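Okay, here's what each chain looks like letter by letter:
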Amino acid sequence: YGEAIIMSAQDVLLLALIYKHAKIPMSHVAMYTSFYCGGLAVLLSGKLGDDIMRVLSGASFVTIVFARLPQIYANFSAKNTGQLSIFSYIITVCGGSVRIFTSVTDNAGITMVVGYCVSTTLNLIIALQILFYGGSKKAPVKGKGKAQAAKKKATPARASKKKTPAKKKVEDSE
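Fair warning: this is a prediction, and the values are worked out from it, not measured in the lab.

A. View of helix α2 (residues 26-45). Here α2 spans 28 Å end to end across 20 residues, near enough to the 28 Å set by a 1.5 Å rise per residue. Where α2 terminates, the next one or two residues include G46, which has phi positive at roughly 85 degrees.

Put into structure tokens, the structure is as follows:
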């Protein structure tokens, strides 16, 4: 519970830095930070019922699914995982497995167990993709192939232009 407050403070700081570098006015930063802190205060107050907390918990796992599925599909399509780190995904899968175990042993509820199972499974799929595909050089960098194709088309066009010889100066011999 103490870690949640520290992580929330880090989130606020990171968002403030992002907004600063994006040159968003400080009034907007203050407004977003106020909404965030207000929402956090409501969540931590204990005034919300169990049903609402269960829905919010499930919503966080839906967010994870929508974050991981596009990554899994992109890796599958490219047959390449780019710069993804196997170590971070192994740690994530191990951490998810521990959370599943503790949720089951502490009777945390079916929503938590199912959510952690889905999240850990998706992270495991990405970890396996990293192992199978790796960062192979098979797939071109997105957009780079089109630029090279356009360059190749442009190069022969320049070469086919006929160069006109420079006109020689005709000198009068008079």
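Next comes the rest of the description.
B. Highlighting the pattern of salt bridges. Under the defined criterion, the tally for this structure stands at one salt bridge. Close ionic contact of D51 with R54 constitutes a salt bridge, the shortest N to O distance being 3.2 Å. Taken together, the positions of D51 and R54, both in helix α3 (residues 50-78) and three residues apart, correspond to about one turn of that helix. Taking relative accessible area as the criterion, R54 reaches 45% and is therefore assigned partly exposed.

C. Broad picture of the packing of aromatic side chains. Applying the stated rule across the entire model yields two aromatic pairs. For the pair Y19 and Y32, a centre-to-centre distance of 5.4 Å together with 40 degrees between the ring planes defines the contact as tilted. Of this pair, Y19 sits in helix α1 (residues 2-21) while Y32 sits in helix α2, and the two are 13 residues apart along the sequence. One Lys or Arg, K79, reaches over the ring of F76 and ends 3.7 Å from the middle of that ring.

D. Representation of the packing of α1 against α2. Where α1 contacts α2, the two axes come as close as 10 Å, and the packing angle between them is 165 degrees. Here α1 lies roughly antiparallel to α2, going by the angle between them. Considering the relative orientation of α1 and α2, their crossing is right-handed. Of the residues in α2, those touching α1 at I5, S8, D11, V12, A16 and Y19 are V29, Y32, T33, Y36, L40 and L44. For the contact of α1 with α2, the per-class residue count stands at nine nonpolar, two polar and one charged.

E. Structural detail: α1. In a regular helix each residue adds 1.5 Å, so 20 residues correspond to 28 Å; α1 covers 29 Å between its end C-alpha atoms and thus fits that length. The positive-phi residue at the C-terminal boundary of α1 is K23, with phi of around 60 degrees.

F. Region of the structure containing the layout of surface pockets. Considering only enclosed or pocket space, the largest pocket measures out at about 1600 Å³ in volume. As for the largest pocket, its lining consists of 34 residues, and the residues nearest its centre are S57, S60, R99, M112 and Y116. Where the lining of the largest pocket is concerned, the elements lending two or more residues are α1, α2, α3, α4 (86-105) and α5 (110-133). Residue composition of the lining of the largest pocket, grouped by class: 15 nonpolar, 13 polar and six charged.

G. Quick look at a nonpolar patch on the surface. A grouping of I5, L43, L44, I52, M53 and L56 is seen on the molecular surface, where their side chains present a nonpolar patch of about 530 Å² in accessible area. Contributing elements (two or more residues each) for the nonpolar patch: α2 and α3. Broken down by element, the nonpolar patch gets its largest block of residues, three residues, from α3. Secondary-structure assignment places L44 in helix α2.

H. View of the side chain of N123. With respect to the secondary-structure elements, N123 resides in helix α5. Residue contacts for N123: discarding those within four places in its chain leaves R68, Y89, T92 and V93.

I. Spotlight on the nonpolar core. Of all hydrophobic cores here, the largest spans seven residues; its members are I72, I86, Y89, L122, I126, A127 and I130. Contributing elements (two or more residues each) for this core: α4 and α5. It is α5 that provides the largest number of residues to this core, a total of four residues.

Criteria and cut-off values
Residues numbered from 1 in each chain as written. Predicted model: local features only at pLDDT ≥ 70, side-chain atom pairs only at ≥ 80, totals over all residues. Heavy atoms only, no water. Helix = DSSP H or I, 4+ residues; strand = E, 2+ residues; numbered from the N terminus. Expected span 1.5 Å × (residues − 1). Salt bridge = Lys/Arg side-chain N within 4 Å of Asp/Glu carboxyl O. Buried < 20%, exposed > 50% of the residue type's maximum accessible area, 1.4 Å probe, protein only. Phe/Tyr/Trp six-rings, centres within 6.5 Å; stacked < 30°, edge-to-face > 60°. Lys NZ or Arg CZ within 6 Å of the ring centre and 35° of its normal. Axes fitted to C-alpha atoms, helices over the stretch in contact; angles between N-to-C directions. Parallel < 35°, antiparallel > 145°, perpendicular 65-115°, else oblique. Left-handed = near helix turned anticlockwise from the far one by under 90°. Contact = heavy atoms within 4.5 Å. Nonpolar A, V, L, I, M, F, W, Y, C, P; charged D, E, K, R; others polar. 1 Å grid on protein atoms, 1.4 Å probe; cavity = no way out; pocket = protein on both sides within 12 Å on 5 of 7 lines; lining within 4 Å. Points joined across faces, edges and corners; volume = space filled by probe spheres on them. Patch = residues over 30% accessible without salt bridge, like charges linked within 9 Å, V, L, I, M, F, W, Y side chains within 5 Å. Areas by Shrake-Rupley, 256 points an atom, 1.4 Å probe, with all protein chains shown as cover. Core = buried A, V, L, I, M, F, W, Y, C linked by side-chain atoms within 4.5 Å.

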